[in-house]
Amino acid sequence: MKKYEDSNVSANNFDQCTKCTICTVYCPMLEVNPLYPGPKQSGPDGERYRLKEPKYYDMGLKYCLNCKRCEVACPSGVRIGDIIALAKAKNGRKVPKLRDVMLANTDFVGSVATVVAPVVNTTLGLRPVKRVMDATMAIDHRRTFPKYASEKFTTWFRRNMAESQKEFAKQVCYFHGCYANYNYPQLGKDLVKVLNAVGYGVRLMEGERCCGVAKIASGLIGDATRDARRNLSEMRKAVAEGMEIVATSSSCTFTLRDEYDHVLGLENGDVRDSVSLATRFLFRLVESGEIRLAFREDFRMRAAYHSACHIEKLGWGIYSTSLLKMIPGMELIMLPSQCCGIAGTFGFKKENYDYSQAIGRPLFDRIEELGVEIVATDCETCKWQIEMSTSAKVLNPISILAEAIDVEKTRELNNVIDL
Amino acid sequence: MKYDVVIAGGGLAGLMSGIALAREGRSVAIISFGDSALHFSSGSLEMWNDAEGALNSVAANHPYAIVGTQHLDRYSRITKDIFASAGEQLKGEYGCNHLRISPVGVLKPAWLTFDDYFVFDPKMTDGGGVVVVGIDGYLDFYPDFIADGLRRKGVECDVASVSLPELERLRESATEMRSVGISRLLKGDAVERLAHQMAPLVHGAQMVIMPAVFGLGDVDGRQRIERVVGCPVRVAPTASISVAGVRAQKKLVEEFRGLGGTYILGDKVVSCRIEDGRVVGVRSHNHGDVEFVAKDFILAMGSFFSRGLVATPEEIYEPTFGAAVVCAEKREAWCAERILEAQPFQRYGVRVDGNLRVEIDGSVVENLYAVGSIVAGADAVKEGCGAGVVVATALMAAEQILGKELDVKEMN
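In this numbering scheme, every chain counts its residues from 1 along its sequence in written order. Naming scheme: in the order in which they are written, chains are lettered from A and ligands are numbered from 1. This being a predicted model, a pLDDT of at least 70 is required before a residue's local features are given, and a value of 80 or more before pairs of side-chain atoms are given or counted; all residues contribute to the totals for chains, interfaces and linings. Hydrogens and water molecules were not included; the side-chain quantities draw on all heavy atoms of the structure.

What about the packing of aromatic side chains?
Residues and elements named next belong to chain A.
And then number 1: Ring pairs shown here join Phe, Tyr and Trp side chains whose ring centres sit within 6.5 Å, with only the six-membered ring taken for Trp; geometry is labelled stacked below 30 degrees between planes, edge-to-face above 60, and tilted in between. Evaluated as defined, the whole model comprises 18 aromatic pairs over all chains.
And then number 2: Note on Y49 and Y56: the rings are 5.8 Å apart at their centroids and 55° apart in plane angle, and the pair reads as tilted.
And then number 3: Each residue's exposure class comes from its accessible area (1.4 Å probe, protein chains only) as a fraction of the maximum for that residue type: buried when under 20%, exposed when over 50%, partly exposed otherwise. Taking the relative accessible area as the measure of exposure, Y56 reaches 47% and is therefore partly exposed.
And then number 4: Stacked on the ring of F348, the Lys or Arg R143 has its end atom at 5.5 Å from the ring centre.
And then number 5: Whether a charge sits over a ring depends on NZ of Lys or CZ of Arg being within 6 Å of the ring centre and within 35 degrees of the ring normal. The ring of Y184 is capped by K383, whose NZ or CZ atom sits 4.7 Å from the centre of that ring.

Let's talk about the pattern of salt bridges
And then number 1: When a carboxyl oxygen of Asp or Glu lies within 4 Å of a side-chain nitrogen of Lys or Arg, that pair is called a salt bridge. All told, the structure shown has 59 salt bridges over all chains when counted by the stated rule.
And then number 2: Here K237 of chain A makes a salt bridge to E234 of chain A, at a shortest N to O gap of 3.2 Å. Here K237 of chain A and its partner E234 of chain A are both found in helix α16 (residues 221–240), 3 residues apart, which amounts to about one turn of the helix.
And then number 3: Residue K237 of chain A is classed as partly exposed on the basis of its relative accessible area, which comes to 45%.
And then number 4: Exposure remark for E234 of chain A: the relative accessible area of 4% places this residue in the buried category.
And then number 5: Taking the shortest distance from any N to any O, the salt bridge between E399 of chain B and R74 of chain B comes out at 2.7 Å. With E399 of chain B in helix α11 (residues 386–402) and R74 of chain B in helix α3 (residues 72–86), this residue pair connects regions lying 325 residues apart in the sequence.
And then number 6: A relative accessible area of 9% means that E399 of chain B is categorised as buried.
And then number 7: Each of K68, E71, R79, D82, E259 and K313 of chain A takes part in salt bridges that share partners, so that together they form one network. Only DSSP runs of H or I with at least four residues qualify as helices, and only runs of E with at least two residues qualify as strands; both kinds are numbered from the N terminus onward.

Observations concerning the sheet that holds strand β5 (residues 301–305) of chain A
The strands making up a sheet are joined through hydrogen bonds of the backbone, oriented either antiparallel or parallel.
Residue and element names in this part refer to chain A.
And then number 1: A pair of strands is treated as paired once DSSP finds two or more bridges between them. Pairing is parallel in the open sheet, where 4 strands are placed in the order β6-β5-β7-β8. Both outer strands of the open sheet, β6 (330–334) and β8 (393–395), are each paired with one neighbouring strand and no more. Each strand of the sheet is rotated relative to its neighbour by a mean of 35°, with strand direction disregarded.
And then number 2: Both β5 and strand β7 (residues 374–376) contribute to a ladder of 3 bridges, which runs parallel. Opposite A304, over in β7, you have V375 as the bridge partner. Lines fitted to the C-alpha atoms define the axes, with helices restricted to the stretch that makes contact. Angles between their N-to-C directions range from 0 to 180 degrees.

Looking at the domain arrangement of chain B
All names here are of chain B.
And then number 1: Delimitation of the domains relies on an automatic or database domain assignment. Looking at the assigned domains, one finds that chain B contains domain 1 (2–92 + 246–402) and domain 2 (118–236).
And then number 2: Just the C-alpha atoms count here: the centres of domain 1 and domain 2 sit 34 Å apart.
And then number 3: The contact rule is simple, with two residues in contact once any of their heavy atoms fall within 4.5 Å. Tallying the contact residues gives 4 residues for domain 1 and 5 residues for domain 2.
And then number 4: Computed with a 1.4 Å rolling probe, the buried area is the accessible surface lost when two parts are put together, summed over both parts. Across the domain 1 to domain 2 interface the summed buried area is about 330 Å²; carbon plus sulfur atoms make up 64%.
And then number 5: Three residues, K91, V246 and R247, lead the burial of domain 1 against domain 2; their summed loss comes to 88% of the area buried on that side.
And then number 6: Three classes are used, and their members are as follows: Ala, Val, Leu, Ile, Met, Phe, Trp, Tyr, Cys and Pro are nonpolar, Asp, Glu, Lys and Arg are charged, and the others, Gly among them, are polar. Here the residues of the side of domain 1 that touches domain 2 sort into 1 nonpolar, no polar and 3 charged.

Printed below as a string of structure tokens:
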């Protein structure tokens, strides 16, 4: 059937906006900052004017969190968040601040920081240092910095795992991202543990680069595009070898699948469907009966699931929660779907700190009210925000699975032979 | 992913079917492409312009004739019960319309209305004055129009206006002063300050009417104002986003999820797999090769606004399943020349059989039901039957799937 609605959409589909204003109901920034122009005005409305004359660019667009909740709510399929991101890239500050460059270059800063991790972790935790960073770079002193690991995930993997992984008949490619590599290698180790138990060997890309989500948000489009091209060529190699690509971060997954095309304008249609969140990859295999999971009988956990903005946009929280619900000792409570306020690097910036905490407040209150010790979420920056703002510990669903599975029994169920 | 029932469309129709089925223990997934027309609710559900009359003589192809008008009273009670379980009280009942007021002050017949909304009571003509209180600079609510409408009914009516510094600030935003922004700020002591400003202005009134801006701040804002001003405070609809509609949508989704339902927002069905005259699975934009498998399916995508139906210069079609559509072949026949005349396209929609099942490629699909405004045959504007058709078809489809009549819980 001819899809007329597909053929009458302009490239930046602001003309699909019917001015219904539903998006303004669900914008987390508008909720705490009435002076933000809001998604409708910043997106499709403003785009009309900006197309005529770039001087109509509104500096207020810097408040957009790129959470995409406006797009999820839009009944007309307008890519409001993409329109705003592109407008920021095109019309925003041409020379970004040093602070923004540092926050956005999660890969460069991470690779330096891991070398001297104990020093960095201690230093970043010191109150005087925080004061200096606040005063000189406008990184808010109230913010807790993520810890850096002393051994990168990739180093650990190449030293200890790379060889044994080749023994598995089935292989999957892991896009670890900056967080698992520099901040929390345990997440990568947990994924290897789970995938190995169900008979999958893990492979890494030769030259994985940062997915670019933070660079896109900071308007560093040139850098993001360079990294994206490299990632796409690595992804194509993996797909050519018959592998799927899985990630443990919802924002990396979302960026590789959608932002490369929508914001950076890079063709990724040939590999897009091969990029999956690890929980989706596992869920599909469990559902089709291709793999089975056995869980420890003594495992008990009461956890609340937080649906990160980009997982909400992907629509994939259901895979993580479905897997968690398979664990017999799990009591899983759903938190109301709302932004936690951190929005990647947004909440680190001094001028945004109060907005960031105000946006997340109802979520933090709910977590404390429930008295849960564990919050499960697929996003690393949500983890930092929730751990800093509540008494809960935050875990990726993959880490919870790794703790809950009975490795021996799972290996037996999946006929994984000792290597 | 396996469910008993998968529903395409998450507005009032999809939610009513979904909740009715989930209440009976069915596992249900709703896939909704964006938020729904409930966000523009007038605060009332309408069943028929003239409740006493023409309903029994509707055309044979009207959704009410397919549902059977003898069931409407029961569906009416179930609707009230579902809303009440979700935490939203509706007033009114089947067979006796009341009068609600429109944003421009026209009194219109309605069947069920949110409890906090104004409905006209003939006794008001001799009960003292009514004061319509607006908010300075808020352009989506017109106290003078509302007052004029009531005066025409013989009610003594005044207007007044109030303001708060934090509400004034909204006028600086490019999104402007809108119902949602105001509603969010009506919490804590802002409510008290507003109430105390109102008290001298409405002294001695039998009732105060305010814009419908309660629900996203403190839930009891309106009641607290009532306590300060000492008379009932009712709300009237505003232009643009309906705060009560947003509130109702949130509560119904919460109710559905609380019953174990899966509500997926921002996604849409893109293809379906039909085997032996039955839909066996559908695929969505976001979930790709992970198919939604179910025993029954419901099409509740709404009409043209929500793209349940698409009109091109050549044709009108149903894009989700490719179901057969009832419409005039010639484009010239789709619209009447004058905008306020009955518009033929209003009645266009998906063709259904006596069990609300749709037709694809010339044959009826055994387990795919159409509900809500996508069903052909009704003119919601001229007949005032929009919400009535939605809930009647939604509940009938649920009964078809369950193979039994839904229970009516008697409410006091």
